[in-house]
Amino acid sequence: MKVKGFAICLNNEDYSVSLELHKIYPVVALYDNDPEGYIRVIDESGEDYIFPADWFESVSLGTKLEAKIMDSVPA
């Protein structure tokens, strides 16, 4: 799974085990059959799942920091 960016979690309603508020998550591409209005992130389980896109805000971390984080994301 290729990380295409990062997003901060602003809502984890009913998913407090899977998502931590205000944590930055890696974003991966949606699957062809994923519903519109969702985002696919690598959650606390280490797997990628879809959540409502309005629960997240895209963030830019800068090239150096993003490269360091990408090195630690499971492939």
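Small disclaimer: the values here were computed from a predicted structure and weren't measured.

### Focus: the pattern of salt bridges
Okay, step 1: Under the counting rule described, the total for this entry stands at three salt bridges.
Okay, step 2: Taking the shortest distance from any N to any O, the salt bridge between Lys23 and Glu44 comes out at 2.8 Å. Separated by 21 residues along the polypeptide, Lys23 in the loop between strand E1 (3-9) and strand E2 (24-28) and Glu44 in the loop between strand E3 (38-42) and strand E4 (48-52) bring together distant segments of the chain.
Okay, step 3: Across the salt bridge formed by Asp34 and Arg40, the nearest N and O atoms sit 2.8 Å from each other.
Okay, step 4: Three or more residues joined by partner-sharing salt bridges are found here, namely Asp34, Arg40 and Asp48.

### As for the nonpolar core
Okay, step 1: Listed in full, the ten residues of the largest apolar core are Ala7, Cys9, Leu19, Tyr25, Val27, Ile39, Val41, Phe51, Trp55 and Phe56.
Okay, step 2: Look past the residues within four positions of Tyr25 in its chain and what remains in contact with it is Gly5, Phe6, Ala7, Cys9, Ser18, Leu19, Glu20, Val41, Ile42, Asp43, Glu44 and Phe56.
Okay, step 3: The next biggest cluster of nonpolar side chains, apart from the first, holds five residues, and it includes Val3, Phe6, Ile42 and Leu61.

### Some points on the confidence of the model for the chain
Okay, step 1: Per-residue confidence for the chain averages 90 on the pLDDT scale, and 93% of its residues sit at or above 70.
Okay, step 2: When pLDDT is averaged over each helix and strand of the chain, the minimum, 74, is found for helix H1 (residues 63-72) and the maximum, 97, for E3.

### Considering unusual backbone geometry
Okay, step 1: One non-glycine residue with positive phi stands out, namely Asp14, at about 70°.
Okay, step 2: Tracing the backbone shows Asp14 in the loop between E1 and E2.
Okay, step 3: With a phi angle near 70°, His22 is a residue other than glycine that sits in the positive phi range.
Okay, step 4: The residue His22 is located in the loop between E1 and E2 in this model.

Calculation rules
Residues numbered from 1 in each chain as written. Predicted model: local features only at pLDDT ≥ 70, side-chain atom pairs only at ≥ 80, totals over all residues. Heavy atoms only, no water. Salt bridge = Lys/Arg side-chain N within 4 Å of Asp/Glu carboxyl O. Helix = DSSP H or I, 4+ residues; strand = E, 2+ residues; numbered from the N terminus. Core = buried A, V, L, I, M, F, W, Y, C linked by side-chain atoms within 4.5 Å. Buried < 20%, exposed > 50% of the residue type's maximum accessible area, 1.4 Å probe, protein only. Contact = heavy atoms within 4.5 Å. pLDDT = per-residue confidence, 0-100.

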